[in-house]
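# Commentary on secondary and tertiary structure
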Amino acid sequence: MSLEIVRTAGSRSYPPRLSTFSQTFWEALAQGDWITTRCRACDKQTFPPKSVCPHCWKCEQAWVPFASTGRLYSWTRVHAAPTAFAPEAPYALGIVDLEDGLRIACRLVAPSSGEVAIGAAIQMIVLQHDDGPLFAGKVLA
Ligand SMILES: [Zn+2]
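So, a few notes on the structure that sits alongside this text. For clarity, every value in this text was computed on a predicted model and none was experimentally measured.

## Comments concerning the overall build of the protein
Across its full length, the protein holds one helix and nine strands. When the elements of the protein are put in sequence order from the N terminus, they spell out β-α-β-β-β-β-β-β-β-β. In terms of its C-alpha atoms, the protein occupies a principal-axis envelope of roughly 45 × 30 × 30 Å. Among the 141 residues that make up the protein, the fraction classed as buried is 22%.

## Concerning the pairing of strand 9 (residues 132-139)
As defined by bridge partners, strand 7 (residues 103-109) adjoins strand 9 across three bridges and the pair is classed as parallel. Across the sheet, V109 pairs through a bridge with K138, a residue of strand 9. Relative to strand 9, strand 8 (residues 121-129) runs antiparallel, the two sharing eight bridges. Bridging across to strand 9, Q123 finds its partner in K138. Linkage of strand 8 to strand 9, two consecutive antiparallel strands, is achieved through a turn of two residues.

## Things to note about the environment of I95
Tracing the backbone through its elements, the reader meets I95 in strand 6 (residues 91-98). I95 sits 42 residues away from G137 along the chain, and the two C-alpha atoms are 9.1 Å apart. Excluding its chain neighbours within four sequence positions, the residues that come into contact with I95 are Y73, S74, R103 and A105.

## What to know about unusual backbone geometry
F47 connects to P48 through a cis peptide bond whose omega is 0 degrees. Residue P90 follows A89 across a cis peptide bond; omega there is -5 degrees. Relative to the helices and strands, P90 is located in the loop between strand 5 (69-78) and strand 6. The residue D43 is not glycine, and still its phi comes out positive at about 70 degrees. With respect to the element layout, D43 can be found in the loop between strand 2 (35-39) and strand 3 (45-46).

## Topic: the pairing of strand 2
Looking along a regular strand, one sees the side chains alternate between the two faces of the sheet. The sheet contact formed by strand 2 and strand 4 (residues 61-65) spans five bridges and is antiparallel. Looking at strand 4, one finds that R38 is bridged to A62. Where strand 2 and strand 3 come together, two bridges link them in antiparallel fashion. Pairing of R38 across the sheet is with Q45, part of strand 3. The hairpin turn running from strand 2 into strand 3, its antiparallel successor, is five residues long, and D43 in that turn takes a positive phi close to 70 degrees.

Each value, and the rule that gives it
- Residues numbered from 1 in each chain as written.
- Predicted model: local features only at pLDDT ≥ 70, side-chain atom pairs only at ≥ 80, totals over all residues.
- Helix = DSSP H or I, 4+ residues; strand = E, 2+ residues; numbered from the N terminus.
- Buried ≥ 20, exposed ≤ 12 C-beta atoms within 10 Å, placed from the backbone.
- Pairing = 2+ DSSP bridges.
- Contact = placed C-beta atoms within 7 Å.

Shown next, in the form of structure tokens:
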């Protein structure tokens, strides 16, 4: 299943540093594909993607699609942002428990009207900036 791609004006404030390994993730994300690594030895998946399994230390990773929906575990609104993100403040950051058990931190795309409820349904989306993609959690309810 592909993620919704939302065109977002401007460049990313702090673009990810690409490596030969991580480039696979970012190129897939630009197409709306939400993938991470699953260890062929112990079958556990991790996010962010890793070339070495943090559970069993094997280097036998496969790229696999993973859950793109989940529930909001926690969140905050950043008013005093680091310099690179200051023009975007205030903005919301969340910790999301995805349906397959992974817990990730991400920017939240939330209703501008106010508070977001813990436990809210989240759908991961792609923010397609002029210079490349980022991912974010869209608050559904
Ligand atoms: Zn493993």
